[in-house]
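# What the coordinates show
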Amino acid sequence: MKRYIPNALTLLNLLCGCIAVLFTVNDNFISAAIFVFLGIFFDFFDGFAARQLNAQGELGLQLDSLADVVTSGLVPGIVMFKLLGLTELGWTDSSYNNFQISLYELTGGGYLPFLGLAITLASAYRLAKFNIDTEQQSFFKGLPTPANALLVISLPLILKFQNNDFINQIILNKWFLIGFTIFSCWILTSNIKLFALKFKTYGFKANATRYIFIILCLVMLVTLHFAAIPIIILLYIVMSLLDNLT
């Protein structure tokens with residue numbers, strides 16, 4: 001029975017992603033974020049369980065990517081679709097709390113909101129590349145889709161909870177969101193080597209970069225809350241580039 005446990009965790013990831021899609025479509029970004037976080041939690045532990053139970057297999061690998069397409073690909077694509085639609089309607093930092101808006105209204109000003117779905121396409125492409133790449137054991141090529149999903153979904157959470165007019169104006173700027181979307185698609189599909197949070201041993205010397213990164217993440221989350229997430233992703237990329245030089 002133990003070989004079914006990792007796949008069951010993967011299916012829980014997929015279930016969380018499906019629920020998050022429903023919440024996102026209905027403009028409930030907070031509940032959507034909760035289920036994305038849960039999905040990513042299950043996504044992390046399905047691989048951990050597979051390694052611990054020696055239950056790794058091709059089925060699990062394919063199922064994991066299919067689940068990630070929904071939780072870490074479709075959800076952030078819809079979030080960006082919504083945000084771009086709001087900027088097209090001329091929404092400002094004082095009106096971001098009410099996301100209740102129809103599909104017709106979102107697309108009435110043009111087709112820009114559909115650019116957000118490029119994140120979903122890039123996520124699917126990145127996952128397909130990962131499945132056929134035999135090199136990505138101790139590192140990733142390009143930003144993992146769960147990290148990118150956290151990056152995108154942090155935007156509406158920052159708008160909702162940080163209460164900073166300057167940050168709100170940046171996030172609800174059309175050109176910022178366009179650049180953000182392009183960067184997201186590029187970093188997902190790039191060949192930049194990024195370290196993986198996989199511990200073969202737990203000694204500090206062999207995992208110094210990982211331990212330092214985790215400590216800095218905890219400090220920033222406590223002090224900056226949701227605004228820490230984009231900084232953490234940027235820190236992850238910078239620390240990986242520095243690690244590649246050593």
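Reference entry: report on the structure contained in this document.

Procedures and definitions
- Residues numbered from 1 in each chain as written.
- Predicted model: local features only at pLDDT ≥ 70, side-chain atom pairs only at ≥ 80, totals over all residues.
- Heavy atoms only, no water.
- Helix = DSSP H or I, 4+ residues; strand = E, 2+ residues; numbered from the N terminus.
- Buried < 20%, exposed > 50% of the residue type's maximum accessible area, 1.4 Å probe, protein only.
- Expected span 1.5 Å × (residues − 1).

## Observations concerning the environment of Ile5
Structurally, Ile5 is set in helix α1 (residues 4-25). The class of Ile5 is partly exposed, set by a relative accessible area of 42%. A sequence separation of 41 residues divides Ile5 from Asp46, and the C-alpha atoms of the two residues are 7.8 Å apart.

## Digging into helix α5 (residues 118-132)
The terminal C-alpha atoms of α5, which comprises 15 residues, lie 22 Å apart, in line with the 21 Å expected from a rise of 1.5 Å per residue. By the burial criterion, the buried members of α5 are Ile119, Thr120, Ala122, Ser123, Arg126, Leu127 and Asn131.

## A word on the environment of Leu151
Residue position: Leu151 is located in helix α6 (residues 145-161). With a relative accessible area of 4%, Leu151 lands in the buried category. For the pair Leu151 and Pro76, spaced 75 residues apart in sequence, the C-alpha to C-alpha distance is 8.6 Å.

## What to know about unusual backbone geometry
The residue Asp27 is not glycine, and still its phi comes out positive at about 65°. Of note, Asp27 is situated in the loop between α1 and α2 (29-52). Even without a glycine there, the phi angle at Asn163 is positive, about 55°. Its place among the elements puts Asn163 in the loop between α6 and α7 (165-171). Overall, the relative accessible area of 63% leaves Asn163 in the exposed class.

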